[in-house]
Amino acid sequence: MRYSARGSLTHLGSWPGLSPRSPGADRGFADSAPATIPGARRSRGVVALLSLLAFASCAAAGPQPVYFNTDVVPLLTKLGSNGGGCHGKATGQSGFKLSLLGYEPDLDYVAIVQEARGRRIVPSAPPSSLLLLKATGTLAHGGGKRLSVDSQDYQTILRWIENGAPPASLSDPMLERITVTPGRRLFDAEVRRQPLQVTAHFSAGTSRDVTRQAVYQSNEPDLAEVNDAGVVQVKDRSGLFAVMVRYADRMAVFYGTVPHKQKGPVNRPSQMASEKANNWSGIDRYLVANWKQLGIRPSLPATDEEFIRRASLDICGTLPTPDEVKTYLADTRSDKRARLIDRLLDRPEHASYFALKWADILRNRGRGYNTSHQRPGTALFSSWIRDCIAANLPYDRFVREVLTAVGSQETNPPTVWYRTVRTTPEYVESVAQAFLGIRIQCAQCHHHPAEQWSQADYYQLAAVFARVGRKGGFADAEVPTDETIYLADEGEVLHPRTRQVMQAGPPGGLAFKLSKYDDPRRALAKWMTAADNPYFARTMANRLWGHFLGRGIVHPIDDARSTNPPSNPELLDALAREFVASGYNVKHLIRVICNSAAYGLGSVPNEDNQDDVQSFARYYPRRLPAEVLLDAIGQVLESPTKFKSVAGDFPSGTRAIDLPDEAVPSHFLDVFGRPARNSACECERVDAPALGQTLALVSSAEIQEKLTSDKGYVARLAGKGKPHEENVRDIFVRVFARPPRPRERTTAVRFLESQTDRKEAYGSLLWSLLATNEFLFNH
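Since the structure is predicted, the reported quantities are computational estimates derived from the model, not experimental observations.

Let's shift gears to the overall build of the protein. Within the protein one finds 29 helices and 21 strands. Counting the 779 residues in the protein, one finds 51% classified as buried. Expressed as a percentage of contacts within the protein between residues at least 6 apart in sequence, the contacts between residues at least 24 apart total 64%. When the accessible area of the protein is evaluated, it comes to approximately 35200 Å², of which 52% is carbon and sulfur surface.

The tendency in soluble globular proteins is for nonpolar side chains to be buried side by side. With 148 residues, the main nonpolar core has Tyr395, Phe435, Trp545 and Phe775 as its most contacted residues. When sequence neighbours within four positions are dropped, the list of residues in contact with Phe435 reads Trp358, Leu362, Tyr395, Val399, Leu403, Ser430, Met528, Tyr535, Phe536 and Thr539.

Looking now at the pattern of salt bridges. Under the definition given, this model contains 41 salt bridges. One salt bridge in this structure joins Arg561 and Asp559, with 3.1 Å as the shortest N-O distance. Judged by relative accessible area, Arg561 falls into the partly exposed class, the value being 23%. Linked through salt bridges whose partners overlap, the residues forming this network are Asp360, Glu627, Arg677 and Arg685.

What follows concerns the pairing of strand β11 (residues 239-247). The side chains of a regular strand alternate, first on one face of the sheet and then on the other. Burial within β11 is extensive, with nine of its nine residues counted as buried. Both strand β8 (residues 215-218) and β11 contribute to a ladder of four bridges, which runs antiparallel. Bridging across to β11, Val215 finds its partner in Arg246. The pairing of β11 with strand β12 (residues 250-258) spans nine bridges and is classified as antiparallel. Across the sheet, the residue bridging to Val243 is Phe254, located in β12.

Within this structure, the stated rule accounts for 28 aromatic pairs. The interplanar angle of 25° and the centroid separation of 6.1 Å between the aromatic rings of Phe381 and Trp384 together place this pair among those described as stacked. Separated by three residues within a single helix, Phe381 and Trp384 lie in helix α12 (residues 378-390), roughly one turn from each other. Across the pair, exposure class does not vary: Phe381 and Trp384 are buried alike.

Moving on, we come to the environment of Asp573. Position of Asp573 relative to the elements: it lies in helix α19 (residues 569-581). Its relative accessible area of 31% is what places Asp573 among the partly exposed residues. With 290 residues separating them in the primary sequence, Asp573 and Ile283 have C-alpha atoms 9.8 Å apart.

The next point concerns the sheet that holds strand β3 (residues 175-181). Adjacent strands of a sheet form backbone hydrogen bonds with each other and so pair up, either parallel or antiparallel. Spatially, three strands are ordered β3-β6-β7 in an open sheet, and the strand pairing comes out antiparallel. Looking at the sheet topology across the chains shown, the edges are occupied by β3 and β7 (207-209). Direction aside, neighbouring strands of the sheet carry axes that sit 20° apart on average. In the sheet, β3 pairs with strand β6 (residues 197-202) via six bridges, with the strands oriented antiparallel. Residue pairing across strands places Leu175 opposite Phe202, the latter belonging to β6.

Our next topic: the packing of helix α8 (residues 304-316) against helix α9 (residues 322-330). For the pair α8 and α9, interaxial distance at closest approach is 10 Å and the crossing angle is 130°. Judged by the inter-axis angle, α8 sits oblique to α9. As for the relative orientation of α8 and α9, their crossing is right-handed in sense. On the side of α8, the interface is formed by Asp304, Glu305, Phe307 and Ile308, while α9 contributes Glu324, Val325, Tyr328 and Leu329.

This part takes up helix α7 (residues 284-294). Regarding α7, the residues found buried are Asp284, Tyr286, Leu287, Val288, Asn290, Trp291 and Leu294. Taken together, the buried residues of α7 touch β11, β12, α18 (536-549) and α19. Trailing α7 by a residue or two, Gly295 shows a phi angle of about 70°, which is positive.

Moving on: unusual backbone geometry. Of note, the amide linkage connecting Thr181 to Pro182 takes the cis form, showing an omega dihedral of -5°. Take Pro182: it is sitting in the loop between β3 and β4 (184-186). In this chain, His555 is followed by Pro556 through a cis amide linkage whose omega measures 0°. Structurally, the position occupied by Pro556 is in the loop between α18 and α19.

With that out of the way, let us pick up the sheet that holds strand β14 (residues 468-471). Strands sit in the order β13-β17-β14 across an open sheet of three strands; the sheet is antiparallel. Here the strands that pair on one side only, and so sit at the sheet edges, are β13 (407-408) and β14. As judged from the two bridges shared by β13 and strand β17 (residues 484-487), these two strands associate in the antiparallel manner. Within β17, the residue paired with Ser408 across the bridge is Thr484.

To continue, consider the side chain of Asn542. Structurally, Asn542 is set in helix α18. In terms of polar contacts, Asn542 uses its side chain to reach the backbone carbonyl oxygen of Ile557, at 3.3 Å.

At a minimum axis distance of 8 Å, the contact between helix α11 (residues 348-361) and α12 shows a crossing angle of 125°. By the criterion of interaxial angle, the relationship of α11 to α12 is oblique. α11 and α12 meet at a crossing whose hand is right-handed. Where α11 abuts α12, its residues His350, Ala351, Ser352, Phe354, Ala355, Trp358 and Ala359 lie against Ser382, Ile385, Arg386, Ile389 and Ala390.

By secondary structure assignment, the location of Pro259 is in the loop between β12 and α7. Placed 32 residues apart in sequence, Pro259 and Trp291 show a C-alpha to C-alpha distance of 9.0 Å. Setting aside its immediate chain neighbours within four residues, Pro259 contacts Leu186, Phe187, Ser238, Gln293 and Leu294.

Now for helix α4 (residues 105-114). Restricting attention to buried positions, one finds in α4 the residues Pro105, Asp108, Tyr109, Ala111, Ile112 and Val113. Elements in contact with the buried residues of α4: α3 (68-78), α5 (130-135) and α6 (152-162). Downstream of α4 by one or two residues, Ala116 has phi in the positive range, about 55°.

What follows deals with the side chain of His779. Examined against the element boundaries, His779 turns out to sit in the segment after β21 (777-778). Non-local contacts of His779, meaning those with residues more than four positions away in its chain, are made with Glu306, Arg309, Arg310, Ser603, Tyr619, Pro621 and Glu774.

The predicted coordinates of low-pLDDT regions are not to be read in fine detail. Summary statistics for the protein give a mean pLDDT of 86 and a share of 87% for residues scoring 70 or more. Low pLDDT, under 50, characterises residues 263-279; the predicted model gives this stretch 37 contacts beyond four residues in sequence or across chains.

Definitions and cut-offs
- Residues numbered from 1 in each chain as written.
- Predicted model: local features only at pLDDT ≥ 70, side-chain atom pairs only at ≥ 80, totals over all residues.
- Heavy atoms only, no water.
- Helix = DSSP H or I, 4+ residues; strand = E, 2+ residues; numbered from the N terminus.
- Buried < 20%, exposed > 50% of the residue type's maximum accessible area, 1.4 Å probe, protein only.
- Contact = heavy atoms within 4.5 Å.
- Areas by Shrake-Rupley, 256 points an atom, 1.4 Å probe, with all protein chains shown as cover.
- Core = buried A, V, L, I, M, F, W, Y, C linked by side-chain atoms within 4.5 Å.
- Salt bridge = Lys/Arg side-chain N within 4 Å of Asp/Glu carboxyl O.
- Pairing = 2+ DSSP bridges.
- Phe/Tyr/Trp six-rings, centres within 6.5 Å; stacked < 30°, edge-to-face > 60°.
- Axes fitted to C-alpha atoms, helices over the stretch in contact; angles between N-to-C directions.
- Parallel < 35°, antiparallel > 145°, perpendicular 65-115°, else oblique.
- Left-handed = near helix turned anticlockwise from the far one by under 90°.
- Polar contact = N/O pair within 3.5 Å; in protein donor to acceptor, adjacent residues only side chain to side chain.
- pLDDT = per-residue confidence, 0-100.

This is how it looks when you write it as structure tokens:
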């Protein structure tokens, strides 16, 4: 049975022999009994009584009660009414405001039933309720028609109003979880479509199908789409995807795999990296399993020339010299790559390069918010980070020293972190992104739309820093400098909606048990660095994998959530376990990653993996970071960049990767994406191409100065009188870490021979090579 639009009960074939289309179905048994049957009057009475009893029984077992929290609110989400572009945005829409995606149903009930003098609900004439008239388009509605009168969703809301529009109560069944069936699916050439079924499970032990009322979203729409009915349709690309399923405040995830259409063997010796071709072990087995599942053949291994250039740039941010290339190519030992990685990790350039990376993440900002000059302290913090990396300080200790820092910013470098990170949002978001790999920003104002994080999670993490005290220092715009950081006796954070004083605790966990003498930051650091923490080790493993492979296993690298799953969860788990087991040894983890088969693959795609951006079946080329690129140009041309600051010139030979902060003036670095360090997100560093970059390569005063220097490489080539062919070979090894190919050598020599000005000719040749993708990209 179901309720009609007027609230009456309509029988839907509940009794044998009578369907809704049977004669007399609308009149009931009494009216349909034949008048010619003897004793018809008495029979009609008996039938009427039986009909009434059956009606009552069926009504009791028929329509389920409609609950506001678990029936009405999910429909508002499905219809888009409480979305960020409609009534769910911060200011609401047309005077009607709902909580985003229904995460605050109590507030939604007040808005629907009580606000606007109760005009949105008409209990005496439910179909005339403004809530329904607007949704069905009967009255003008900015969001258009969202409901049909004859739909099941309309009937659900109507029944709720007919029942008196009751609020949620403690006796209502609570939604505990939802499940999606199937949870995973391996698609193939024949099966390209998969309907999903979503089941809601309640506290009373009951469950029901909510497939039609759930909301669906694919994280890879170019790979697979999902419609409002929960039907997944894959496209022609291969790869991994996930579909987020939401009903009320619960989520589930469906995982799909779309193999490459032309499957081939993935472990042929000719296609694997050196000694691991026939003996897969360590993390490589998780890569191979993924390639087999996707039907992808990995690219050929990188050549030795490609590998030494790649590893030198990734580990040290520095090009290999011609002598280093020559020595490496002459090495015939089977473990030459592992030996190279060890040597690079011991070089001071490694500490400088990774100190630059962490200075970005930790926001070691030189500029004031309203000033452009460089502030003191950044060099101290930068040097401390560099020393920690050079000494291979365990990562858990490194993080603990930053989080729990106290003392003067003039004498204790980690306290400089608190100079830029000083407000509630900055504490929460910097810690969450930098060390836990989660983006919790949304929870500052409302429940996170795609993850478990609530406002309570956000503000209990904020409460960890409520007692951070500051004293002394002098004003630099609105941000003081040279403060002393200490633990204050008191301090509190209030939940913005409930005004409740929040107890310090981790996101998603219970509040810490603390005395008034305990520093909540130490409790956070202890929780964070525990071996079983679900975020800490995985985040660092994913961050380093993303640095070396060009893309994180979770991508973006600081956006881990159930609705953005890792492309290879077994691989990420293995890296995290290895990291924890090593005592959070960062150099050990780098060795594991750089010795992997994936890192040793070439960047040239084959027909199987040319569209792959998830399985690491080839090395993904990426443009050199701004500082590395400027240093590389200076190294090739033997003309280091001269850096200046307000305090004076930097020492001769200072490299861009050695700079303490972003305030050191350099138009080239800014054009090529040097971050302003306004957030802990690595996404702030831009590597996308831009017109300004092309103009910088063509007309940069810095590059022209290096090309025309009387003491640089161009002048030396022009004056030493060696044959062009010998010089061309040296140039190519210096720029690309490889000798020229026959056609390249011939073309270059012919060009040089055709020019009358030897210095200008060599300058033009080098300039053209420095503007090629082979130089600008690590590959």
